[in-house]
Amino acid sequence: MEGCYNDDEPFIYRLNDNGSGPSLLVKICAERGWRMYQGYSGNEDRWNLWWRTSAFPSACYKTLGDWQFMNHIPKGGSICRKDGLSRLLRCMRRIYGSIYDFSPPCYHLPLEYAKLVSEFSRLRRSEDETASNVVWIHKPVAQSQGRGIFLFRSICEMRCGSSAVVQRYIERPLLIAGYKFDLRLYVCVPGYRPLTAYMYAEGLARFGTDKYTLTDIHNPYRHLTNSSLNKSGPRYAECKDRIGSGCKWTLKQVRRALIGRWGAAEWLVWQRIRALVTLTLLAQAAGTPPARNCFEFYGFDVLLDDSLKPWLIEVNLSPALGADCEADVTVKQPMLHELFDLLGLPMKHTGLSLLQGQNHVNIHSYCSEDEGGISRPATASSATVRRGTRWRRRRPMPIHCVTLPPSTVGCDSEKATDTSETTKELNIGQLSMSSPESSDNSDVQSTPSVAITSSDSVDESWKGGYATAASRRRMLSACSWGNGVQWHRATGRMGQWVRIYPHTVSGDDQLPMEDARESVAQVSKFLRAAREVVREGARDTRGPRDAARDAAFEVALRKKLEYRNNFEVWLPPF
Ligand code: ADP
């Protein structure tokens, strides 16, 4: 199998297990000059990017070459099941307190049925009339797109079936022109050990298509904001008051709607959302082993209440990549291009020829420890790795070649942004609006069949942290991808992808400390500083407004946090 890859062959992408996938993704890959994988019927492993809607079997990570990338991280989906998410957040709340108070109280059925019943009787006994009239939402754990969801007030109305969560319903959501909406935020995690996370500045708002009211809790078009559901609603195509036809806006449109009504407080919402996303990721970071050349691309769903508090509703493992409407195309098309730029996936060819002669470390940091838990040193002999029963010579470690040379990936965000400009100049053709075979328009959560349990033998030897020199080496190795991208020197911004964690990077070979307590403390400090910035800004009635105010707040926030360089403020476009 030696010499299986020619240096500059086309970059090959592979979709699911049969070649079907979101049409938008196919279009973006074609625009990048990538070629579709042809080996679905055989055992061909000539591919560079494998994009799968559901999680990968753990064996796939063990045979990953330097030139290969996958869109899921081992154990990266624990936050994507409704029950898993609530368990993790509950646990973090117990340890770190009210900073984790951003998820509605939740009961797991059937396990916590008795607890739920006693909560109902406590509320019924309450003097407060509103407490006894509380609304709850029942959601099957392994479903998506609003399937199987219903609202109820009395426990007698609850229909029990498969595993589900019952959550306190956010009864007073923020409305625009009387319509409920939630926010879809795109998050990319190229590594959990240590955590590196980016959030895309643009995103979507998804509206219910009937006006919101609590007097009718059984009409899904008033209460559920899933676009897959509202698309088939009777008023979807109607031109609705302020919202227009359809059910989606971009975050930019939401900002404009909020800014007039909320002034400076609107800026704080986005900072609170950033903190919420980071804290959620931190909740599962400790449970994921170090892994290279793989990333997670999540869809976070956040609901704002009428006091502008953000609530986390759920996290999707494979957010829908359909292009149903203008807002979808405006947001998702550049987002995918910039995602691949961020990950250092080249524009056309594998780019391996540029990487000849580079020294490299062991790609198989994730699974190739010696028995004693010590990584093999990065020597020339490690260029030969075991792939199933065959041995294959590995190519020299690619530097971050065609899109991002390593120096760019480090700290020079200006150059990095230039690359994305190149992407934008692409001649983008007509979008195919539907693809019958693909699951474009549906989000995917971790389902029981793909959920990765702690008993999986993904990486049993991994004990975590920096406890030993071997584990430090493995963490460092996990940060250095086969294409030369080094996540411990992660760029602050790539196009509209903004690094939300770590807040700053040192730019040298130092790994950030991996201490959950320290990380949560940093987020808490960040939130305090953001609140102060807004408080002080609101007092200054003669201060700048709108876009100029964003810039002034950014300067003030940096100053308060004493982050000299490399810190980026995440904010949707205005
Ligand atoms: P699914 O995975 O089926 O989409 P979600 O948890 O996202 O399930 O819920 C679907 C929709 O229901 C959300 O988009 C939101 O509009 C609404 N929703 C879910 N949970 C709550 C809640 N606790 N309070 C208010 N609305 C909620």
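The numbers attached to residues start from 1 for each chain and follow its sequence in the written order. The predicted nature of this model means local features are confined to residues of pLDDT at least 70 and side-chain atom pairs, given and counted, to a pLDDT of 80 or more, with totals for whole chains, interfaces and linings taken over all residues. Hydrogens and waters are ignored; side-chain quantities use all the structure's heavy atoms.

Draft legend 1. Looking closely at helix α7 (residues 251–262). With 12 residues, α7 should reach 16 Å at 1.5 Å per residue; the first-to-last C-alpha distance of 15 Å fits that figure. Of all the positions in α7, only Leu251, Val254, Arg255, Ala257, Leu258 and Ile259 are classed as buried. The way it works is that DSSP assigns letters per residue, a run of H or I at least four long becomes a helix, a run of E at least two long becomes a strand, and they are numbered from the N terminus. Residue Gly263 follows α7 closely and has a positive phi angle near 55 degrees. Here the expected length of a helix is defined as 1.5 Å per residue gap, with one fewer gap than residues. Here the term buried applies to any residue with accessible area under 20% of the maximum for its type, exposed to any over 50%, and partly exposed to those in between, with areas from a 1.4 Å probe on protein chains only.

Draft legend 2. Structural detail: the pairing of strand β12 (residues 204–207). Judged by which residues are buried, β12 turns out to be covered on both faces: Leu204 and Arg206 on one side and Ala205 and Phe207 on the other are all buried. Alignment of β12 against strand β13 (residues 248–250), held across three bridges, turns out to be antiparallel. The residue bridging Arg206 from the neighbouring strand is Lys248, located in β13. A pair of strands is labelled paired if DSSP reports no fewer than 2 bridges between them.

Draft legend 3. A look at the packing of helix α1 (residues 23–31) against helix α9 (residues 326–342). In this analysis an axis means a line fitted to C-alpha atoms, helices contributing only their contacting stretch, and an angle means the value between N-to-C directions, from 0 to 180 degrees. Direction vectors running N to C along α1 and α9 enclose 55 degrees, while the axes themselves pass 10 Å from each other. With respect to α9, the axis of α1 lies oblique. The handedness of the crossing between α1 and α9 comes out as right-handed. Contacts from Leu24, Leu25, Lys27, Ile28 and Glu31 in α1 reach Lys332, Gln333, Leu336, His337 and Phe340 in α9. Residue classes follow a fixed rule: Ala, Val, Leu, Ile, Met, Phe, Trp, Tyr, Cys and Pro count as nonpolar, while Asp, Glu, Lys and Arg count as charged, and any other residue, Gly among them, counts as polar. Residue composition of the contact of α1 with α9, grouped by class: five nonpolar, two polar and three charged. Oblique is the label for any angle not covered by the other classes, which are roughly parallel (under 35 degrees), roughly antiparallel (over 145) and roughly perpendicular (65 to 115). In this scheme the crossing of two helices becomes right-handed for a clockwise turn of the near helix relative to the far one and left-handed for an anticlockwise turn of less than a right angle. The contact rule is simple, with two residues in contact once any of their heavy atoms fall within 4.5 Å.

Draft legend 4. Focus on the site of the ligand. Neighbouring residues are identified by heavy atoms, a residue being near a molecule or strand if any of them is within 4 Å of it. In the neighbourhood of the ligand, 23 residues make up the surrounding shell, with Lys82, Gly146, Thr225, Asn226 and Glu314 lying closest. Polar contacts, as used here, are pairs of N or O atoms within 3.5 Å; protein pairs need one atom able to donate a hydrogen and one able to accept it. Residues neighboring in sequence count only if both atoms are side-chain atoms. Within the side chain of Lys82, one N or O atom sits 2.8 Å away from an oxygen atom of the ligand. The contact in question runs from an oxygen atom of the ligand to an N or O atom on the side chain of Glu314, over 2.8 Å. Alone, the ligand offers 530 Å² of accessible surface; in the complex the protein occludes 99% of this. With respect to the detected pockets, the ligand is housed in the largest cavity. Elements supplying a minimum of two residues to the shell around the ligand: β6 (136–140), β8 (164–168), β10 (179–192) and β15 (310–316). Split into classes, the residues belonging to the shell around the ligand amount to eight nonpolar, nine polar and six charged. Working definition of accessibility: Shrake-Rupley area with a 1.4 Å probe, residue cover restricted to the visible protein chains. The way it works is a 1 Å grid over only the protein atoms, where trapped points that fit a 1.4 Å probe form a cavity and open points with protein on both sides within 12 Å along at least five of seven lines form a pocket, and then any residue with an atom within 4 Å of a point lines it. More than half of a molecule's atoms lying within 2 Å of a cavity's or pocket's grid points is what places that molecule inside it.

Draft legend 5. A look at unusual backbone geometry. Here Leu109 and Pro110 are connected by a cis peptide whose omega angle stands at 10 degrees. Mapped onto the fold, Pro110 is located in the loop between β5 (106–109) and α4 (113–125). With omega at -5 degrees, the peptide bond leading from Tyr501 into Pro502 counts as cis. Mapped onto the secondary structure, Pro502 falls in the loop between β19 (497–501) and α13 (516–539). A positive phi angle, near 60 degrees, is found at Asn293, a position not held by glycine. Relative to the elements of secondary structure, Asn293 occurs in the loop between α8 (265–285) and β14 (296–304).

Draft legend 6. Structural detail: the pairing of β10. Among the 14 residues that make up β10, 14 are buried, leaving the element largely enclosed by the rest of the structure. The turn linking strand β9 (residues 175–176) back onto β10 is made up of two residues, and Ala177 within it adopts a positive phi angle of 50 degrees. Across four bridges, β10 lies against β12 in antiparallel orientation. Of the residues in β12, the one forming a bridge with Leu183 is Ala205. Here seven bridges tie β10 to β14, and the two strands are oriented antiparallel to one another. Residue pairing across strands places Arg184 opposite Asp301, the latter belonging to β14. Sheet topology note: the β10/strand β11 (residues 195–200) ladder contains four bridges and is antiparallel. Paired with Tyr192 across the strands is Leu195, a residue of β11. Taking the residues between adjacent antiparallel strands as the criterion, β10 and β11 are bridged by two residues.

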